[in-house]
Amino acid sequence: MFSDLRFGARMLARTPATTVAAILVLALGIGANTTIFSVVHGVLLRQLPYNDPDRIVMVWQDLRKRGGPSDEWATPGHYVDWRAETSVFESLGVALGTAAILTDGGEVEQVPAGIVSPSYFDVLGVKGALGRVFTPGEEDPNAPRTVVLSDALWKRRYGGARDVIGRTIRINDTVHEIVGVLPPGFQPPIVAPRAQLWQAFRVNPASASRGAIILRAFGKLRPGVTLEQAAAHMDQVAARLERLHQDDRDAGIRLEPLYERIVGAARPAILVLAAAVGLVLLIACANVANLLLARASGRGREMAVRTALGARRSRLIRQLLAESLLLAAIGGALGTLLAMWGVGALVAASPAGTPRIDAIGVNGAVLAFTVGMTVVTGILFGLAPALHASRADLTSGLREGARGQAGGGGRKLRRVLVVAETALALVLLAGAGLLLRSFVQLQAVDRGFDSANVLVGNVNAPRARFDNADKIIALYDRFVERLRAVPGAESTALVSVLPLSGADSDFAFLIEGRPKPTTPAEQPTAWYRIVSSDYFRTMRIRIVRGRALSDQDGNSAPGAVVINESLARKYWPNEEALGRRISVDDRTFTIAGIVADIRHRGPDRPPDEELYVHYRQYPERGTVIVARSASGNPASLAPAIREAVRAVDPALPVANVTTMERLEADAVSQPRFVMQLVGLFAAVALALALVGVYGVLSYAVAQRTSEIGVRMALGATRGDVLRLVLVDGLRMVAVGAAIGVAGAAAAGRAMRAVLFGVDAVDLPTLAVTVAVLLAAAALACAAPARRAIRIDPVEALRYE
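Student: It is not clear to me how the overall build of the chain should be interpreted in this structure. Could you clarify?
Tutor: Secondary structure summary: the chain contains 23 helices and 22 strands in total. In terms of overall dimensions, the chain has a C-alpha envelope of 105 × 55 × 50 Å along the principal axes. In the chain, which comprises 800 residues, the proportion classed as buried is 51%. Excluding contacts between residues fewer than 6 apart, the proportion of contacts in the chain whose partners are at least 24 apart in sequence is 82%. Measuring between centres, the 88 positive side-chain charges of the chain sit 10 Å from its 72 negative side-chain charges.

Given below as structure tokens:
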């Protein structure tokens, strides 16, 4: 084998142009596949970075019997009930995300935080790198308040001082003791993924609320307990809770593997990318095989001589495969270098919220995949040329003399490879076209609000100082007064839950004049937003009927709400909703206006039933400042807004300052990213396929020089020759396109999970794709055709 490799290296060096072209094509294909496989491995194949991750499950309320979701969050009461099920759970913990304002002598800072039960860290198998995590006693509402820091916050704010354990800090104006620092690199699953500190969840089992749906529950199954066994047991638990609690009527319990919750939504897009880049590699292999076939056709005399000297066919195939593997090895090494750069670029360009992005990289498993792929690739593109070249014809091979040509040997196989390349390229082009149309459809969806020139930022009021409604109302009144004076702002407002933020809040209500619901499934509910009077004007949400909320809708004024069209259609489908009365928490509100629906959860999600109420009539801590710039540069408002809030309360920072356009872009970042990558792969595939068409036609023209000369000598015009070459090339492309259309239809059906508003088999997209392919192929055929019509018949006949 070493002898074969040395000889193969000498043979490759004799044809440097072919060798370099093949290496570059292989490096591109292998590098792209290695890059995407690093994503597949990091996101889909690697285990989650927790102890016994295959035993960790999410525990949800299943409200499908009520017409609700199958993954509803839990209440403190559910947590108390579920954690008692020790026959299936080794431990069960809960978590919720929040924001923490640090005022411990340094700069006032708001950081993302998590509130977790002590058992949360037991479920994940996480211990303190310094100090400890929470203990069961810290769940008691009367226990001293403690906090666990992230490694990043410990190093950034406290300089990595080891004596930080036992130190007290003020969080949300309440004193906490630092009891631990978590290991570097700890990544919280699902809830508060960017949390920098954790506080203990405190609950009194005797009075745990069953109405506050605020928690997400994580359970670790006992060793030997399967998911099916645990689910069957929890079905019995749900039936028992239905009998005990009115709130649990028609509510089940569903278990979901944590892995599935984290990566499930990203899996279709990743698999689409993996399939696309795999097609690119196949096209690259076909391209290199074509190059090697052309090269092998010039080695007919060599193969004939070897055979005449006693070489068996298997020996010739081994020699030729050694050359192919050497070529693949060089391409694989270069492709690995490209992948190391490509992975970094891919991670940097990945959309916000990409799961497990920290696990993406070129590691041992990825390198092993690259080595295996390189070997398979070398065999894949080398086998057909090796089989063809080793089929030596002694008579014709030894007769070729100095020309060393094998005539038209392998012509049919090269044409088959071009057809295959064309078909695969069409599949990729059609897939890219579907994703492009899907993205255009997504962008065209009416969001119901105008995100242009809008700046947003969060402000959270600590419970310790703002512990009643009057204090919260007074704070927001001062905010509104100051914000209205911000220079450069066309309008400003407050809202509790911002569209596209991923946050939400809902409540149940009663409709005056209708029977009181007897089951939870009959209970009217709505997602609610607490706003200031200028919110609809600032976000440019259209008032359909009635009026917007105003500053006169105060705490002592009659209750007034504004609902959206979806809520009006659902509960008043055949009557006017304006003027109807509803009650929430024993307070009555009159529907004063109806506004247009907005796409709160993203353009690909239908509008929800929403209800808006003025902060003076339903105050809650925590708000989002919304400001529309009059100059067209919303970022310029940030300093003035921070100063306005600081003037009201210096201890309240404005956090997460960004623009609505950025949030809107983030909402479609994943489909945009997939579309761009598949489009890039499709462009590469098209280029490789056209190179294949060009190469085959160029070689055919060279092989048919004498024939073309004879034709022209017998009266064929240049137009006849031009048609001959173009028809020859376009016939191959047309056959490939016909096969590719069937493949594109199958690919479209496989891509349904990542498409929006587009049929899996979209005829306009297929038609445009085929037209683009044929037009590009015609350009690829043009150069060989021009070369053919310039052949001098006299020179061609003399050559013969």
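There's plenty left to go through after this.
Student: Please clarify how a nonpolar patch on the surface should be interpreted in this entry.
Tutor: Together, Val20, Leu24, Leu334, Leu337, Leu338, Met340 and Leu367 give the surface a local cluster of nonpolar side chains, amounting to about 610 Å² of exposed area. Within the residue set of the nonpolar patch, elements represented by two or more residues are helix 2 (16-45) and helix 10 (313-349). Following the sequence through the fold, Leu334 ends up in helix 10. Its relative accessible area of 31% is what places Leu334 among the partly exposed residues.

Student: Can you walk me through the packing of aromatic side chains in this structure?
Tutor: Note on aromatic pairs: each is described by the distance of the centres and the angle between the planes. Inspection of the entire model under this criterion finds 17 aromatic pairs. Ring centres of Tyr120 and Phe218 lie 5.6 Å apart, and the angle between their planes is 80 degrees; this geometry places the pair in the edge-to-face category. Of the two residues, Tyr120 is situated in helix 4 (residues 118-124) and Phe218 in strand 9 (residues 216-221); the sequence distance between them amounts to 98 residues. Taken together, a centroid distance of 5.6 Å and an interplanar angle of 85 degrees make the contact between Tyr476 and Tyr615 edge-to-face. Taken together, the residues Tyr476 in helix 14 (residues 469-483) and Tyr615 in the loop between strand 20 (610-614) and strand 21 (623-629) connect sequence positions 139 residues apart. Neither Tyr476 nor Tyr615 differs from the other in exposure class; each is buried. Across from the ring centre of Tyr79, 4.9 Å away, lies the NZ or CZ of Arg83, which sits over that ring.

Student: Whenever I open this one, unusual backbone geometry confuses me. Can you help?
Tutor: Trans peptide bonds make up the majority, and among non-glycine residues the majority have a negative phi. The residue Arg356 is not glycine, and still its phi comes out positive at about 55 degrees. Relative to the helices and strands, Arg356 resides in the loop between helix 10 and helix 11 (364-389). With relative accessibility at 11%, the residue Arg356 sits in the buried group. For Leu500, which is not glycine, the phi dihedral falls at a positive 70 degrees. Turning to its location among the elements, Leu500 is positioned in the loop between strand 12 (489-495) and strand 13 (506-508).

Student: Please explain the pairing of strand 17 (residues 559-564) as it appears in this structure.
Tutor: Put simply, side chains in a regular strand alternate between the two faces of the sheet. With six of its six residues buried, strand 17 lies for the most part within the structure. Residues Gly559, Val561 and Ile563 of strand 17 are buried on one face, and the alternating residues Ala560, Val562 and Asn564, pointing to the opposite face, are buried as well.

Student: What is the right way to read the packing of helix 21 (residues 718-750) against helix 22 (residues 763-789) from this model?
Tutor: When two helices pack together, their arrangement is given by the angle between their axes and by how far apart the axes lie. One can describe the packing of helix 21 onto helix 22 by two numbers: an axis separation of 8 Å at closest approach and a directional angle of 150 degrees. The angle between helix 21 and helix 22 places the two elements in the roughly antiparallel class. Remark: the crossing between helix 21 and helix 22 carries right-handed chirality. Together, Arg718, Val721, Leu722, Val725, Leu726, Gly729, Leu730, Val733, Ala737, Val741 and Ala744 of helix 21 and Leu766, Val770, Leu773, Leu774, Ala777, Ala778, Cys781, Ala782, Pro784, Ala785, Ala788 and Ile789 of helix 22 make up the contact between the two elements. A class-by-class count of the residues in the contact of helix 21 with helix 22 yields 21 nonpolar, one polar and one charged.

Student: Would you take a moment to explain the confidence of the model for the chain for this structure?
Tutor: Regions with low pLDDT carry predicted coordinates that are not meant to be interpreted in detail. Looking at the chain as a whole, its pLDDT mean stands at 88, while 93% of the residues score no less than 70. Contacts of residues 400-409 to residues separated by more than four positions or lying in other chains number 21 contacts, the stretch itself having pLDDT below 50.

Student: When you look at the packing of helix 13 (residues 411-444) against helix 22 in this model, what are you seeing that I'm missing?
Tutor: Following both chains from N to C, one finds helix 13 and helix 22 inclined at 135 degrees, their axes separated by 9 Å at the closest point. Taken together, the axis directions place helix 13 and helix 22 in an arrangement best described as oblique. For the pair helix 13 and helix 22, the crossing hand works out as right-handed. Only Pro764, Thr765, Leu766, Thr769, Val770 and Leu773 of helix 22 make contact with helix 13, whose side of the interface consists of Thr422, Leu426, Leu429, Ala430, Gly433, Leu434 and Arg437. For the contact of helix 13 with helix 22, a count of residues per class yields eight nonpolar, four polar and one charged.

Student: Which parts of the structure should I look at to understand the nonpolar core?
Tutor: The biggest cluster of nonpolar side chains holds 109 residues, and the ones touching the most others in it are Phe121, Phe186, Leu327, Phe381 and Phe681. At 17 residues, helix 8 (residues 267-296) tops the list of elements feeding residues into this core. Setting aside its immediate chain neighbours within four residues, Phe681 contacts Ala32, Ile36, Leu273, Ala276, Val277, Val280 and Leu428. Listed in part, the 47 residues of the second largest apolar core include Ile101, Ile473, Leu567 and Ala577.

Student: How should I be thinking about a positive patch on the surface in this particular structure?
Tutor: Together, Arg718, Arg786, Arg787 and Arg790 make up a positively charged patch on the protein surface. Mapped onto the elements of the fold, Arg718 is located in helix 21.

Student: What is the right way to look at the side chain of Asp534 in this model?
Tutor: Residue placement: Asp534 occurs in the loop between strand 15 (525-531) and helix 15 (535-539). A residue is classified by how much of its surface remains accessible, and Asp534, at 16% relative accessible area, is buried. In contact with Asp534, not counting residues within four places along its chain, are Arg484, Thr492 and Ala493.

Thresholds, definitions, all that
- Residues numbered from 1 in each chain as written.
- Predicted model: local features only at pLDDT ≥ 70, side-chain atom pairs only at ≥ 80, totals over all residues.
- Heavy atoms only, no water.
- Helix = DSSP H or I, 4+ residues; strand = E, 2+ residues; numbered from the N terminus.
- Buried < 20%, exposed > 50% of the residue type's maximum accessible area, 1.4 Å probe, protein only.
- Contact = heavy atoms within 4.5 Å.
- Lys, Arg positive; Asp, Glu negative; His and termini not counted.
- Charge placed at Lys NZ, Arg CZ, Asp CG, Glu CD.
- Patch = residues over 30% accessible without salt bridge, like charges linked within 9 Å, V, L, I, M, F, W, Y side chains within 5 Å.
- Areas by Shrake-Rupley, 256 points an atom, 1.4 Å probe, with all protein chains shown as cover.
- Salt bridge = Lys/Arg side-chain N within 4 Å of Asp/Glu carboxyl O.
- Phe/Tyr/Trp six-rings, centres within 6.5 Å; stacked < 30°, edge-to-face > 60°.
- Lys NZ or Arg CZ within 6 Å of the ring centre and 35° of its normal.
- Axes fitted to C-alpha atoms, helices over the stretch in contact; angles between N-to-C directions.
- Parallel < 35°, antiparallel > 145°, perpendicular 65-115°, else oblique.
- Left-handed = near helix turned anticlockwise from the far one by under 90°.
- Nonpolar A, V, L, I, M, F, W, Y, C, P; charged D, E, K, R; others polar.
- pLDDT = per-residue confidence, 0-100.
- Core = buried A, V, L, I, M, F, W, Y, C linked by side-chain atoms within 4.5 Å.

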